[in-house]
Amino acid sequence: MVRSKRKLPLTTADLVLLSLLAERPMHGYQANLELERREIRDWAAISRPLVYYSLEKLARAGLIRGSDSAQPIGGPERNTYQTSAKGRAALADALEREDWTTQRERPSFLTWIALSWQARPGVFEMQIVRRREFLERQLLREKETLRSILKEVGHPYHEAVWMVSFVIQQFQLELRWLRKLERDLPRRSRAQNPAYAST
């Protein structure tokens, strides 16, 4: 019996690095700096140690290829990596998966809303204010990010522009929703026809 070769499961960190290294060769330190510059952690959970772990994993699998670099940037000689043809194919395959389009987020603030009827008096109002202030700060930050992206790419038809524009609209929508919540709060009441699961 011939055993089929299993495909290496690629994490989000793997895919982000494959995409980044397809742009140009980098070593781990440069990759981390570029991910920070692009504020990658706003949209993908990739820690600094995870970058190095992922680079080793991708190199072992032949999805990136390394070459010794004599440029001592931030330390001794480092291995510079670039996405291989096999890596570009693996990335393209991963981007065709349906699960990218069929997942729902679980925002912790909505979980808090569901449980908030158990909060002490005044806490709901306090948390709404906190959430609004947080969103307003994030909105200003994202607008500044969008300005810098537009300056760098030179046009509005780029995936980074679309992503940040979407986040800005999400924040604006939630701010409008919070204002409605504050107006509706005095009318809050229990369910009139509660139904419970029965054995």
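Residues numbered from 1 in each chain as written. Predicted model: local features only at pLDDT ≥ 70, side-chain atom pairs only at ≥ 80, totals over all residues. Heavy atoms only, no water.

### Topic: the nonpolar core
Link 1 in the chain: In terms of nonpolar packing, the biggest core is built from 23 residues, with Leu18, Leu35 and Ile46 touching the most fellow members.
Link 2 in the chain: For this core, the elements supplying multiple residues, two or more each, are helix 1 (12-23), helix 2 (28-37), helix 3 (48-60) and helix 4 (85-94).
Link 3 in the chain: A total of seven residues in this core trace back to one element, the largest contributor, which is helix 1.
Link 4 in the chain: In terms of nonpolar packing, the next biggest core, distinct from the first, is built from 16 residues, Leu135, Leu146, Val161 and Phe171 among them. (Core = buried A, V, L, I, M, F, W, Y, C linked by side-chain atoms within 4.5 Å. Buried < 20%, exposed > 50% of the residue type's maximum accessible area, 1.4 Å probe, protein only. Helix = DSSP H or I, 4+ residues; strand = E, 2+ residues; numbered from the N terminus.)

### Brief notes about the pattern of salt bridges
Link 1 in the chain: In this structure the tally under the stated criterion is 14 salt bridges.
Link 2 in the chain: Note that Glu36 and Arg48 form a salt bridge whose closest N and O atoms lie 2.6 Å from each other. On the criterion of sequence distance, the pair formed by Glu36 in helix 2 and Arg48 in helix 3 is long-range, its members being twelve residues apart.
Link 3 in the chain: By relative accessible area, which is 37% here, Glu36 ends up partly exposed.
Link 4 in the chain: A residue is classified by how much of its surface remains accessible, and Arg48, at 34% relative accessible area, is partly exposed.
Link 5 in the chain: In the salt-bridge network here, residues are joined through shared partners; they are Glu23, Glu34, Arg37, Arg38 and Glu152. (Salt bridge = Lys/Arg side-chain N within 4 Å of Asp/Glu carboxyl O.)

### Considering helix 1
Link 1 in the chain: Helix length check: helix 1 (twelve residues) gives 17 Å between terminal C-alpha atoms against 16 Å at 1.5 Å per residue, within 8%.
Link 2 in the chain: Those residues of helix 1 not exposed but buried are Ala13, Asp14, Leu15, Val16, Leu17, Leu18, Leu20 and Leu21. (Expected span 1.5 Å × (residues − 1).)

### Looking at the confidence of the model for the protein chain
Interpreting fine coordinate detail is not advised for predicted regions of low pLDDT.
Link 1 in the chain: Overall, the prediction assigns the protein chain a mean pLDDT of 91, with 91% of residues at 70 or greater.
Link 2 in the chain: Counted against residues more than four places away or in other chains, residues 73-77, with its pLDDT under 50, gives seven contacts. (pLDDT = per-residue confidence, 0-100. Contact = heavy atoms within 4.5 Å.)

### Considerations on the packing of aromatic side chains
Link 1 in the chain: Evaluated as defined, the whole model comprises three aromatic pairs.
Link 2 in the chain: An angle of 90° between the planes, with centres 6.3 Å apart, marks the rings of Phe109 and Trp177 as edge-to-face. Of this pair, Phe109 sits in helix 5 (residues 108-115) while Trp177 sits in helix 7 (residues 159-184), placing them 68 residues apart in sequence.
Link 3 in the chain: Judged by relative accessible area, which is 30%, Trp177 ranks as partly exposed. (Phe/Tyr/Trp six-rings, centres within 6.5 Å; stacked < 30°, edge-to-face > 60°.)

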